[in-house]
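Understanding the architecture of this molecule
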Amino acid sequence: KFNITMLGKTRRAGLSDYIRVCLDYRVFLMIMQYSACFGAELVFNNVLVSHFHDNFGVDLVSAGALAMSFGAMNLFARSLGG
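Residues numbered from 1 in each chain as written. Predicted model: local features only at pLDDT ≥ 70, side-chain atom pairs only at ≥ 80, totals over all residues. Heavy atoms only, no water.

Quick word on the packing of aromatic side chains
Note the following rule: Pairing of aromatic rings covers Phe, Tyr and Trp, the last counted by its six-membered ring, and requires centre-to-centre distances within 6.5 Å; plane angles under 30 degrees mean stacked, over 60 mean edge-to-face, and any other angle means tilted. In this description a helix means any DSSP run of H or I spanning at least four residues, a strand means any run of E spanning at least two, and both kinds are numbered starting from the N terminus. Throughout this description, buried means an accessible area under 20% of the type-specific maximum (1.4 Å probe, protein chains only), exposed means over 50%, and partly exposed covers the range between.
Enumeration over the complete set of coordinates arrives at two aromatic pairs. Residues Y34 and F38 carry aromatic rings whose centres are separated by 6.5 Å and whose planes lie at 5° to one another, so their mutual orientation is stacked. Residue Y34 and its partner F38 are both found in helix α2 (residues 25–56); the two are separated by four residues, about one turn of the helix. Here Y34 falls in the partly exposed class, since its relative accessible area comes to 46%.

Digging into α2
What counts is decided by this rule: To estimate the expected span of a helix, subtract one from its residue number and multiply by 1.5 Å. In what follows, a contact means two residues having at least one pair of non-hydrogen atoms within 4.5 Å.
With 32 residues, α2 extends 45 Å between its outermost C-alpha atoms, agreeing within 8% with the 46 Å of an ideal straight helix rising 1.5 Å per residue. Where α2 is concerned, the buried positions are E41, N45, L48 and F52. Those residues of α2 hidden inside the fold are in contact with α3 (60–79). Downstream of α2 by a residue or two, G57 has a phi angle that is positive, lying close to 70°.

Next comes the structure, spelled out in structure tokens:
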């Protein structure tokens, strides 16, 4: 279990702290930008399936697996800061 006293804090963050952070306009803008970015990525992955199928003659199951690999790569890249 993580001990917050290692950071020099004397108490845990409560619900009011989270509400105060979420009311900051910069946090709200960051959430909106991230949502738009993630939504665009979902659309791109869906269009990629038909692109592979139409332009390269890949069957739909394989095209779906290829497009899924891009989405999976993005999950790992995002967690590493990319």
